[in-house]
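Spelled out from the first residue to the last, the chains are:
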Amino acid sequence: MLKKLSILNGELSVKFDSLNTRYTVNMTSDDTELKLEYEIDEEDQISIFNNELNDDVTEVVITVYNDEEMMSYYLEVYKMKSDTATNMEDYFASLELSTDTYMPDYIAPLIASICFLFILFFFAFLFKSRKKR
């Protein structure tokens, strides 16, 4: 059995336990093979099968064996691609402020005055006192 296993260019989903035989490995690098660091007994031998990674999910099988017993560990390797969701720097750099359009200084106070008068007339219309005849 494996005594210790660590992935140098990836991350195991859970902490290694020699009795657990299935693991998930997440890789963010563009390596073509899984770099392993392991510890086994002196009389044991190890065999690593399918350690050539592709862009999809790859299952790497590590088999530890001796004359009496054999144990296999299965690693599902996912290669994570780091995609940029948005590139705001290019967007902001492409924005140009146009100086061709000029707005006179009296426009803002004029709009505010019209809104105030509209609210005042609307208020007076709703709440004017009605006389009975």
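Model, not experiment: these values are computed from the prediction.

S.K.: What is the right way to read the overall build of the chain from this model?
M.R.: The secondary structure content of the chain amounts to two helices and seven strands. Beginning at the N terminus, the succession of helices and strands in the chain can be written as β-β-β-β-β-β-β-α-α. The burial tally for the chain puts 20% of its 133 residues in the buried class. Sequence-distant contacts, at least 24 apart, represent 44% of the contacts inside the chain between residues at least 6 apart. For the chain, the exposed area adds up to about 11300 Å²; of that, 55% sits on carbon and sulfur atoms.

S.K.: Please clarify how a negative patch on the surface should be interpreted in this entry.
M.R.: A cluster of like negative charges, contributed by Glu42, Glu43, Asp67, Glu68 and Glu69, occupies part of the molecular surface. Judged by relative accessible area, glutamate 43 falls into the exposed class, the value being 55%.

S.K.: How should I be thinking about the environment of glutamate 68 in this particular structure?
M.R.: Along the chain, the position of glutamate 68 falls in the loop between β6 (58-65) and β7 (70-79). In this structure glutamate 68 comes out as exposed when scored by relative accessible area, which is 79%.

S.K.: Would you mind showing me how to read the confidence of the model for the chain here?
M.R.: When pLDDT is low, close inspection of the predicted coordinates is not appropriate. When pLDDT is averaged along the chain, the result is 85, and 86% of the positions lie at 70 or above. Within the chain, the lowest mean pLDDT, 67, falls on helix α1 (residues 88-94), and the highest, 93, falls on helix α2 (residues 107-127).

S.K.: For this particular structure, what's the right way to read the pattern of salt bridges?
M.R.: If the charged atoms of two oppositely charged side chains come close together, the side chains can form a pair. Under the defined criterion, the tally for this structure stands at two salt bridges. For aspartate 41, the salt bridge is made with lysine 3, and the minimal N-O distance between the two is 2.7 Å. Of the two residues, aspartate 41 is situated in the loop between β4 (36-39) and β5 (45-49) and lysine 3 in the segment before β1 (4-7); the sequence distance between them amounts to 38 residues. The salt bridge involving arginine 22 is made with glutamate 59; its shortest N-O contact spans 3.3 Å. With a gap of 37 residues between them, arginine 22 in strand β3 (residues 22-27) and glutamate 59 in strand β6 connect regions that are remote in the sequence.

S.K.: Help me understand the sheet that holds β5, please; the structure alone is not making it clear to me.
M.R.: The strands making up a sheet associate through hydrogen bonds between their backbones, and the pairing can be parallel or antiparallel. Read across the sheet, five strands follow the order β2-β3-β7-β6-β5 without closing on themselves; strand pairing throughout is mixed. Looking at the sheet topology across the chains shown, the edges are occupied by β2 (11-12) and β5. Note that β2 and β3 share two bridges and pair antiparallel. Bridging from a neighbouring strand, leucine 12 pairs with valine 25 of β3.

What counts as what
- Residues numbered from 1 in each chain as written.
- Predicted model: local features only at pLDDT ≥ 70, side-chain atom pairs only at ≥ 80, totals over all residues.
- Heavy atoms only, no water.
- Helix = DSSP H or I, 4+ residues; strand = E, 2+ residues; numbered from the N terminus.
- Buried < 20%, exposed > 50% of the residue type's maximum accessible area, 1.4 Å probe, protein only.
- Contact = heavy atoms within 4.5 Å.
- Areas by Shrake-Rupley, 256 points an atom, 1.4 Å probe, with all protein chains shown as cover.
- Patch = residues over 30% accessible without salt bridge, like charges linked within 9 Å, V, L, I, M, F, W, Y side chains within 5 Å.
- Salt bridge = Lys/Arg side-chain N within 4 Å of Asp/Glu carboxyl O.
- Lys, Arg positive; Asp, Glu negative; His and termini not counted.
- Charge placed at Lys NZ, Arg CZ, Asp CG, Glu CD.
- pLDDT = per-residue confidence, 0-100.
- Pairing = 2+ DSSP bridges.

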